[in-house]
Amino acid sequence: MTAPDHRPSGTTLASLPLTPLQQGMYFTWLQNPTAGIDLEQMVCTLPEAIDAPRLRAAWERLTAAHPILRTTFTAEAATIHEFLPVPWMELVAVDLPTFLEKDRTTPPDLTTGPLQRLTLIRLAPEDYRLIWTFHHILIDGRAITSLLKEVFALYDHPDIPLPPAPSFQSHNLWQATLDHTHSAPFWKDHLTGITGPTPLVVDHLAKQAPMGSGSPIGPPVTIPSQAEAGLSLPIFLTNQLRTLASTHGVTLNTLVQAAFALLLSRYAGEDRVIFGATRACRHTPVPGSRDIIGLLINTLPVKVDLPSDQPLMTFLNSLRQLWLDLRPHEHTPLSFIRRTCGLSPAQAPFHHLLVFENDDYTGTLRTTGGPAFTNRSFHLREFTSVPLTLAVYGSTALRFHCAYQPATFDHDTIQRLLGHMAHLLEQFTTLPASTPLAAFTLTTPTENQLLLHDWQPTDPQVDSEITLHGWFTQVAQHFPDRTALTAEDATWTYAELDRRSTTIAHALFTAGVSPGDFVGICMDRRAPLIASLLGILKAGAAYLPIDLAYPPERLAFMLEDAQAPILLTERPLASKIPGNPATILFI
């Protein structure tokens, strides 16, 4: 084992303002320094004999060349140091998953630094893992790729000079001059109708705590663990998607966003969804902005409306136009957006993040780094407090990588979600561009086979005389203590729901309801609504839903035409009901 370098840091060279994203990450860290939020672990797989001193020297040269790697942070400033040590450790034959989990429990101190460290693990004479652990406040994905290319160039050819790179100082100073008030009308219009994050309703969803991340998007929360899942599309399907995008003047990213929006819409049962999306933000007037080694990205809320009758092609074009419209406003801090749009500072505007890259780190480095990268591979482990982050890589075969919190989702749920995402994209290539959004389904042919055939009894014995409420009563007798209903306001067992609905049925009998009558019902969507519906059925009646969104004249006609003798409602709603129902029962 090699001990870390504890030499003192040198004098400070400059103090700069933090960018809004860096401010968010700093305050997230400050509120919970040990949570490990925004910690990054780049796992470099090196199937070769490694000269450890030479590789360490390459990292030290890299750090000396790039000021961002010698930077520490406070609330007021990003301070560049003349020297910061590069902590280096060498281990032999350790269990990699155990090490990675332990490594992330000791995040760096942003105020003192250093904010990066390296661990070289020897698994075999020609099988090494280099773990580069750093805080996301330093750099984004494009900078990571550039730094890896440079450091391995220095390792393979120690005598080569490093080309000069544009510094992040210019970017930070430019960011500090921006006035975001001109973007306020855009964001107010874009986020009209949004009151909170889109729920991802799945059968293994745990209660979601308030979220926080470096964006920032809410108060911080300790993350006990994070899990990963992945899926790759066949090459032929990826090629079909590329052709579809090219034919209709959109991008592969547009297709991915469309599928993700449809996925959230189907899972949530809503025709308006919101998710976070990452923008590279490198189209700036700062010279050399495309090559700056620093943190330039921004994460923005993307609201998508999904009218059920809208043709796919119209939907794709609207998404593409939205992505282009975001360009002039992509540097807007999320905190400003939230204040401007009146979103609660205590609640995240989104719980799900979509990241699209043209290729993954391994593919990009093998393409741009030359033959030396042929056998080397790279995988980034990221830790945010967003419950689900879907990264999509437009490689030869489109690849999904999903990082999720196992306290919120289980593995089978995530794998099924990825399968649904793939199925939606496949339908984009097989159904006409004029197909309305309502026609796109989540369930795959395999799931249809299970649901419609394999899981159905071959010779079902069904009592044709039994009613829906009769079935419910039988289940309540067999499983009285099982949960029958979960709502925002209550959780009821089968026995409790059966008892409450029976009480309502008796009240209807007492009020004069006879079998075959209509009973009007106007209630909020809470647990008592379900008990009331069952109670009406138990009384032998049929229910007539009264939706206050309908015009008053239509509601009055419905009540009169049905000759409903009774109306079930709640006191706050009674004054809004038109007409003169004979009797009102309050629930």
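Before going into details, it helps to say that this report is about the structure given with it. (Residues numbered from 1 in each chain as written. Predicted model: local features only at pLDDT ≥ 70, side-chain atom pairs only at ≥ 80, totals over all residues. Heavy atoms only, no water.)

## Focus: helix α16 (residues 527–538)
- Spanning 12 residues, α16 covers 17 Å between terminal C-alpha atoms, matching the ideal 16 Å at 1.5 Å per step.
- Of all 12 residues that make up α16, 10 are buried, and the element is covered over most of its length.
- Buried residues of α16: A527, P528, L529, A531, S532, L534, G535, I536, L537 and K538, and no others.
- Of the residues flanking the end of α16, it is G540, one or two places downstream, whose phi is positive at about 85°. (Helix = DSSP H or I, 4+ residues; strand = E, 2+ residues; numbered from the N terminus. Expected span 1.5 Å × (residues − 1). Buried < 20%, exposed > 50% of the residue type's maximum accessible area, 1.4 Å probe, protein only.)

## Things to note about the sheet that holds strand β6 (residues 116–124)
- One open sheet accounts for 5 strands, arranged β5-β6-β7-β2-β12; its pairing is mixed. The outermost strands of the open sheet, each flanked by one partner alone, are β5 (88–92) and β12 (377–383). Along the sheet, successive strands turn relative to each other by an average axial angle of 15°, direction set aside.
- Sheet contacts for helix α3 (residues 96–103): β2 (39–46), β5, β6, β7 (127–135) and β12; angle to β7, the most-contacted strand, approximately 15°.
- Its contacts with the sheet place helix α11 (residues 361–368) against β2 and β12, and it is angled at close to 140° to β12. (Pairing = 2+ DSSP bridges. Axes fitted to C-alpha atoms, helices over the stretch in contact; angles between N-to-C directions. Contact = heavy atoms within 4.5 Å.)

## Quick look at the packing of helix α2 (residues 52–65) against helix α4 (residues 141–156)
- For the pair α2 and α4, the least separation of the axes is 8 Å and the interaxial angle reads 130°. Between α2 and α4, the crossing angle belongs to the class labelled oblique. Of the two possible hands of crossing, α2 and α4 adopt the one that is right-handed. Contacts from R54, L55, A58, W59, R61 and L62 in α2 reach L147, E150, V151, F152, L154, Y155 and D156 in α4. (Parallel < 35°, antiparallel > 145°, perpendicular 65-115°, else oblique. Left-handed = near helix turned anticlockwise from the far one by under 90°.)

## Quick look at the side chain of Q427
- Following the sequence through the fold, Q427 ends up in helix α12 (residues 411–430).
- On the basis of relative accessible area, Q427 is assigned to the buried category, the value being 8%.
- Excluding its chain neighbours within four sequence positions, the residues that come into contact with Q427 are A439, F440 and T441.

## Quick notes on the packing of aromatic side chains
- Under the defined criterion, the tally for this structure stands at 11 aromatic pairs.
- Seen from their ring centres, Y26 and W29 are 5.8 Å apart, and the 45° between their planes marks the pair as tilted. Of this pair, Y26 and W29 both sit in helix α1 (residues 20–31), 3 residues apart, which is roughly one turn of the helix. Neither residue differs from the other here; Y26 and W29 are each classed as buried.
- Cluster of aromatic residues (ring-pair linked, three or more members): Y26, F27 and W29. (Phe/Tyr/Trp six-rings, centres within 6.5 Å; stacked < 30°, edge-to-face > 60°.)

## Topic: the environment of A64
- As for its placement among the helices and strands, A64 is situated in helix α2.
- Residues A64 and L84, spaced 20 residues apart in sequence, show a C-alpha to C-alpha distance of 8.5 Å.

## Considerations on the side chain of H136
- Within the secondary structure, H136 sits in the loop between β7 and α4.
- In terms of polar contacts, H136 uses its side chain to reach the backbone carbonyl oxygen of I139, at 2.9 Å.
- Discounting residues that sit within four places of it in the chain, H136 has contacts with M25, D38, E40, L295, I297 and E382. (Polar contact = N/O pair within 3.5 Å; in protein donor to acceptor, adjacent residues only side chain to side chain.)

## Focus: the nonpolar core
- Residues L255, L390, L398, F400 and F428 are the most contacted members of the largest nonpolar core, which totals 65 residues.
- Beyond its immediate chain neighbours, meaning those up to four positions away, F400 contacts A229, G230, L231, L233, L390, A391, V392, L418, M421, A422 and L425.
- In this structure, A52, W59, L118 and F378 belong to the second largest nonpolar core, which totals 54 residues. (Core = buried A, V, L, I, M, F, W, Y, C linked by side-chain atoms within 4.5 Å.)

## Things to note about the pattern of salt bridges
- Summed over the entire model, instances satisfying the criterion amount to 14 salt bridges.
- A salt bridge links D140 to R282; its shortest N-O distance comes to 3.0 Å. A residue pair is termed long-range when its members are at least 10 positions apart, and D140 in the loop between β7 and α4 and R282 in the loop between β9 (272–279) and β10 (298–305) qualify at 142 residues.
- In this structure R282 comes out as buried when scored by relative accessible area, which is 4%.
- When salt bridges that share partners are traced, they join E48, D156 and R376 into one network. (Salt bridge = Lys/Arg side-chain N within 4 Å of Asp/Glu carboxyl O.)

## Digging into the pairing of β10
- Within β10, 7 of the 8 residues are buried, which leaves the element mostly enclosed by the surrounding structure.
- The pairing of β9 with β10 spans 8 bridges and is classified as antiparallel. Looking across to β10, one finds that F275 is bridged to V302.

## Here's the deal with the sheet that holds strand β20 (residues 583–586)
- Overall, parallel pairing links the 4 strands, which are arranged β18-β17-β19-β20 in an open sheet. Each edge of the open sheet is held by one strand with a lone partner, namely β18 (542–545) and β20. Mean inter-strand twist for the sheet, computed between neighbouring axes without regard to direction, equals 30°.
- Inspection of the sheet shows strand β17 (residues 518–522) paired to β18 by 4 bridges, in the parallel sense. If you follow F518 over to β18, its bridge partner there is A542.

It is worth stressing that arrangement in space is one thing and function is another; only the former is reported here.
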